[in-house]
Structure formats: C-alpha cells, structure tokens
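# Coordinate inspection notes
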Amino acid sequence: MNAMTDTTISASIAASTPTPLRRAPTLADRMRPHVQHALAVAIPPLVLLALLVGAWEWAASGPNASLPPPSKVWEDANELILNPFYDRGGLDKGLGLHLFASLQRVAVGFALSAVAGIALGLLVGSSTLAMRALDPLFQVLRTVPPLAWLPLALAAFREAQPSAIFVIFITAVWPIIINTAVGVRNVPQDYRNVARVIRLSHPDWFLRIVVPAAAPYIFTGLRIGVGLSWLAIIAAEMLTGGVGIGFFVWDAWNSSNLSDIIVALVYIGLVGFVLDRMMALLARVVTRGTSVQ
Amino acid sequence: MERAFLEISQVVVRFGKAAAPVLNGVDLKVARGEYISVIGHSGCGKSTLLNVVAGLLPASLGGVLLEGTEVDEPGPDRAVVFQNHSLLPWLTVYENVRLAVDRTSGRAMSRAERDEWTRENLALVRMTDHLQKRPNEISGGMKQRVGIARAIAMRPKVLLLDEPFGALDALTRAHLQDQVMDIHTRLGTTVMMITHDVDEAVLLSDRIVMMTNGPNATIGEVLEVDLPRPRDRLSLASDPRFLSAREAVLRFLHERHALPKVA
C-alpha cells in the first residue's frame, strides 16, 4: 500500500516535470496512507453519530416531546461540557470532579477484588477440595445483583463510602475468581510434564508456570470485572449520595435537569469505554506471547 | 550383558478398567551410550512406553531400573524432548533452557557457570543467534532444537525423544537428525527415541525395537543396526547393510504386523 502510493506519486511527478528525477518521499507522502487509514476508520462512526443526533433533534423538537433535543442540551449544559472541573463547594462541582470521585471508589474496590479474586481463583483452580467447597457458594453468590448487597453493606459499615466500595468489590470479584480458576485448570499438560521432569518446586511451579499460563484468562476476568465495577458504582452512588457521578445523575433527576443527565450519561459511557480499553491494553502488554503458542 | 544401564522389566500399562492393557510385558535392556529407537504403528503404545521410562506415567505392573535403581517419578536424569516441543511461550529461548539449568544444577554451579552452560547448550544446537526470541517468533525446527538443548542441558543419563521430528518438514528433519547424531557422538548420551519413520530409525539407531500392534502390545523384534559411525545419510543411501536393515523393519511393519485394512 505504501509502496504503491509512492510509485503513483513519482509517476505523476515524472509526467508533470520535464526532468524525471526521483525524489525522496517527503514526510507528507509517507504520512498519507496513515491519514487515509485514520479517515477510513473515523468517518463511518462520525457520519452515523451525526445522523443519530439529527434524528434525535427532529424527534425531540415537537411540542409534546418529553426529552430535550441536542440543541437544548447544549444550551442548558454547555458549562458542564466545557468546564468539567469547576468547584463551587458542596455538591455543585464539575462533571470531571464527580467522575474523579467515582473513579477513586472504583479504583479501591476493583483493586481489592483483583487481589482477592486472583488469590481465590488460584486456590479454587489448583485444589479440587477448595473447588468442591467453594464453587457452589460462588455460583449462588455471583447471581445476586450488585445493589442487593447495598442495604447489607450500609448496615454493616454504617457509612456510605465503604459500602459503595464493598458493592464494587462484590460485583467485580466473581468473574475474576471464575476466569482465574478456569485459567489455572487449563494449564496444558505439556507444561506440567516439563515442570515434573525438571522437578520444579511447588512455589516455582505456581509462579513460573501457572500464573503466566493463566494470565490471559486472568485478564479476561479483570476486564469483565472493571466493566461491572463501573456499572455498579453508578447505581450504588445513586443510593448512597455524596460526590460522584451516580449521585450527580440522581440529583439532576430530582431537580428535573434532563440536559445534565444526558451529558452525564455521555461522560459515563466514555469513561467506561476508556476503562475497558486500558484493561485490554494492559492485558496485551503483560501477556504478550503467552496466548499464541 | 552384565547388569544393564537401563532396564525395562515386564512393564504392563493398563488405563482404568479397560479389558486389555495397552502394553503387556515389555522387556528391554539398554547399554550405556546406546541409541535405541522404538518403532511401531500408531496406537501401539510406544509413547506410553516412553512415558513410563520418563516416570510421567506409572506402570501397572513391572518397572524401570536406571543403573540398578528403580525410577517411579520424573527427573532430569531422564530428560524428555517432547513431540510438540513444550517450550514455555512467555519465556525466551534462553530463559526456557536457563529455567531447566537453574532447577537441575542450581546448587552445583555458580550463576556465571549456569549462564555459560545455558549458552553452551544452545550453541550446540546452533541457536546462539536467537537467544532473546520467544517461541512464537521462531520456526518449528528451531523450537525443537531448543527443546533438545533444554533436555541435554540437564545432563541426563538417558535422553528420551518422543517423535521429536514428527511435525517437521523433510529437509528440516534431516538437518535435525544430523544434529542429534552429532550430539550423541559427542556426549555419548544413552538415547531412547520414539519414531514412526523407518529411515530415521535405521539411520540413527544402534538397535531398533519393533512393537507389535496394540492393545496388548509388546516388543515383536529387536534389530541390530550394524553400521559404523559416524554415519552419513548420502553414502548410506545405497549401502546394502542400510538397505537390508530398512527392509527388515518395513517387512516387520507392513507384512507381519500390518494394521488391519480400514474399509
């Protein structure tokens, strides 16, 4: 593709200039294929987005429309969009600050669930006894919806912050446990044989074979977990109050600021997307080589 | 023969409650430095036999003696080159061999010695230029060479090769066979190789152990290959001793112990 573009360029130069000198491709020439590729990737979703916003504008412009059209959202809430970090004290803060507060809770809760989830997953994956004992418990508990834990957490901790963090933890921990355990159980027999022939000690077998072999599975669990954490924190904050994007949405609803809610939803979606991508990137970096044999 | 170096004695392997055992009464004595090939049709239990010698699989009856001591668990004195190389994909070529070196001679050698030993063994299979590559960045033949380096780096008493060249193309395979012959000559290691390739067996072995078909497989015949070493594949191609050995194995496999024809 690169070479083709280059030859077409030099061919056209040869045709237009009297001395057919081959010149070295300039930076612009070399960037052209990349720019073309970027445009090819970016244009379809942008066009679709424009169409959807247009349709929304049209649908929400009637006299009986219950939701504000995009133009009204911009009019009402452009401060939220343009200045995400204002702080007028109390709960009147920019969306950036609310998101930051939510992300902090997710960071704590998710970190705890990653540590506990991987540890329990390694245990359940490597010990049949542990699996028999714990698996039924996990299978039942993991179906409990995140918010159902909240009243219990509030009763136990008597404070909003640790309760919200607990909800994150209990939501994210199951996929991490289960995926880690599956990864451990799927360590190929070949690696076991190698470890047995070189008489790898038990800790070495765990650290040098099991953990790296299960890493792709562990990261799948972490990626699902971080997505669920983000889902759960919004819901938990709606109920616990305080600074946080979930509470912001609930507060906006109570004061009928529909435009604010719409802006917040867009931000929530974007942050969730970024979290997922970051986890995917981390997985790629850490497990490079291990998933392909 | 006085007490054999490696003795496989009345080995029976039965999986679960199956009526017929896979291996039934395998007896074999191997001398120090000998190169033994085990050949037979698929499903005759030749890999099972190798796994028993490796200690990866327990024999239901009978056992294996190495220098007079019974072996019942795997260990570096019986290093295995696995059919599918079994390199750890998250470690580099160097690290794969180094892990085995660290584990098997960690106390006897200093750090620098272990590093040098790792490099020396990789040099033996001509992988010096690829030390920092990961297994998915090198060819199948190279992976198998690293597998061989890892095995010989353990200074095994017996080197066990489980169809080591089975998945390779003919040219790569010939190249690797020459390297293994060279290593065998240089180190004098006792080798037991599983194969289904007649030419390979004749070219490499001192004795060829031919297995009958399973279940209830056992040793049908043992053929001495009386060819001088070092052996050269080109001059052997028309050597009458090579041809007659080859014919003897072919007759065993395709005349007396042919697989029943599948319709």
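Keep in mind the model is a prediction, meaning the values are calculated, not measured.

## Considerations on the packing of aromatic side chains
Scanning all chains against the criterion turns up five aromatic pairs over all chains. Between Phe138 of chain A and Trp174 of chain A, the aromatic rings sit 5.6 Å apart at their centres with planes inclined by 50°, giving tilted as the arrangement. Remark: Trp174 of chain A occurs in helix H7 (residues 160–185) and Phe138 of chain A occurs in helix H5 (residues 128–141); sequence separation between them is 36 residues. In this pair, the class of Phe138 of chain A matches that of Trp174 of chain A, namely buried. Geometrically, the ring pair formed by Tyr191 of chain A and Trp90 of chain B is edge-to-face, given 5.5 Å between the ring centres and 90° between the ring planes. Linking Tyr191 of chain A in helix H8 (residues 189–197) with Trp90 of chain B in the loop between strand E6 (80–81) and helix H2 (93–105), this pair reaches from one chain into another. The pair formed by Tyr191 of chain A and Trp90 of chain B is uniform in burial state, with each residue classed as buried. Connected via pairs of aromatic rings, a cluster forms that spans Trp149, Phe157, Phe166 and Phe169 of chain A.

## Side note on a nonpolar patch on the surface
Residues and elements named next belong to chain A. Taken together, the side chains of Leu27, Met31, Val35, Leu39, Ile43, Val47, Leu48, Leu51 and Leu52 define a hydrophobic patch exposed on the protein surface, amounting to about 860 Å² of accessible area. Within the fold, Ile43 resides in helix H2 (residues 27–59). With relative accessibility at 45%, the residue Ile43 sits in the partly exposed group.

## A look at the pattern of salt bridges
All names here are of chain B. By the definition in use, this model includes 25 salt bridges over all chains. We note a salt bridge from Glu67 to Arg32, for which the minimum N-O separation is 3.1 Å. Of this pair, Glu67 sits in the loop between strand E4 (61–66) and strand E5 (69–70) while Arg32 sits in the loop between strand E2 (23–30) and strand E3 (35–39), and the two are 35 residues apart along the sequence. Take Arg32: its relative accessible area is 59%, and that puts it in the exposed class. In this structure, the salt-bridge partner of Arg233 is Asp178, at a minimum N-O distance of 3.1 Å.

## A look at the nonpolar core
Counting 134 residues, the largest nonpolar core has Trp230 and Ile245 of chain A together with Leu122, Ile208 and Val249 of chain B as the members making the most contacts within it. Considering each element in turn, this core owes the most residues, 12 residues, to helix H9 (residues 202–240) of chain A. When neighbours within four sequence positions are excluded, Val249 of chain B is seen to be in contact with Ile39, Val198, Val202, Ile208, Met210 and Leu223 of chain B. Val124, Trp149, Val173 and Trp174 of chain A belong to the second-largest nonpolar core, a separate cluster that totals eight residues.

## Here we look at the UniProt feature "domain: ABC transporter" (unreviewed entry) in chain B
Look at the UniProt record and you will see "domain: ABC transporter" (unreviewed entry) annotated at residues 6–238 of chain B. Annotation note: span residues 6–238 of chain B, helix share 33%, strand share 23%, distance between end C-alpha atoms 33 Å.

## Re the interface of chain A and chain B
Contacts between chain A and chain B engage 20 residues on the former and 26 residues on the latter. Taking both partners together, chain A and chain B bury about 2,100 Å²; carbon and sulfur atoms supply 62% of that area. At the junction of chain A with chain B, the criterion picks out two salt bridges. Across the salt bridge formed by Arg103 of chain B and Asp204 of chain A, the nearest N and O atoms sit 3.7 Å from each other. Where chain A meets chain B, there are five residue pairs in polar contact (both at pLDDT 80 or more).

## Quick notes on the sheet that holds E5 of chain B
Residue and element names in this part refer to chain B. Ordered in space as E2-E1-E4-E5, the four strands form an open sheet in which the pairing is antiparallel. The open sheet has two edge strands with one neighbour each: E2 and E5. In the sheet, strand E1 (residues 6–13) pairs with E4 via five bridges, with the strands oriented antiparallel. The residue bridging Val12 from the neighbouring strand is Leu61, located in E4. Contacts from helix H1 (residues 46–54) reach E1, E2 and E4 within the one sheet, and its direction differs from that of E1 by about 120°.

## Focus on the sheet that holds strand E7 (residues 158–162) of chain B
All names here are of chain B. Ordered by their spatial adjacency, six strands build an open sheet running E6-E7-E8-E3-E9-E10, and the pairing between neighbours is mixed. In this open sheet, the two edge strands, each paired with only one partner strand, are E6 and strand E10 (219–224). The pairing of E7 with strand E8 (residues 190–195) spans five bridges and is parallel. Within E8, the residue paired with Leu161 across the bridge is Met193.

## Points about unusual backbone geometry
Of note, the amide linkage connecting Arg229 of chain B to Pro230 of chain B takes the cis form, showing an omega dihedral of -5°. Mapped onto the elements, Pro230 of chain B comes out in the loop between E10 and helix H7 (233–236). Located in the positive-phi region is Arg158 of chain A, a residue other than glycine, with phi close to 55°. Locating Arg158 of chain A in the fold gives a position in the loop between helix H6 (150–157) and H7. A positive phi is found at Asn216 of chain B, a non-glycine position, where the angle reads about 65°. Positionally, Asn216 of chain B belongs in the loop between strand E9 (207–211) and E10. Residue Asn216 of chain B is classed as partly exposed on the basis of its relative accessible area of 35%.

Calculation notes
- Residues numbered from 1 in each chain as written.
- Chains lettered and ligands numbered in written order.
- Predicted model: local features only at pLDDT ≥ 70, side-chain atom pairs only at ≥ 80, totals over all residues.
- Heavy atoms only, no water.
- Phe/Tyr/Trp six-rings, centres within 6.5 Å; stacked < 30°, edge-to-face > 60°.
- Helix = DSSP H or I, 4+ residues; strand = E, 2+ residues; numbered from the N terminus.
- Buried < 20%, exposed > 50% of the residue type's maximum accessible area, 1.4 Å probe, protein only.
- Patch = residues over 30% accessible without salt bridge, like charges linked within 9 Å, V, L, I, M, F, W, Y side chains within 5 Å.
- Areas by Shrake-Rupley, 256 points an atom, 1.4 Å probe, with all protein chains shown as cover.
- Salt bridge = Lys/Arg side-chain N within 4 Å of Asp/Glu carboxyl O.
- Core = buried A, V, L, I, M, F, W, Y, C linked by side-chain atoms within 4.5 Å.
- Contact = heavy atoms within 4.5 Å.
- UniProt positions renumbered as here; feature names shortened; annotations may be inferred.
- Buried area = accessible area lost by both parts, 1.4 Å probe.
- Polar contact = N/O pair within 3.5 Å; in protein donor to acceptor, adjacent residues only side chain to side chain.
- Pairing = 2+ DSSP bridges.
- Axes fitted to C-alpha atoms, helices over the stretch in contact; angles between N-to-C directions.

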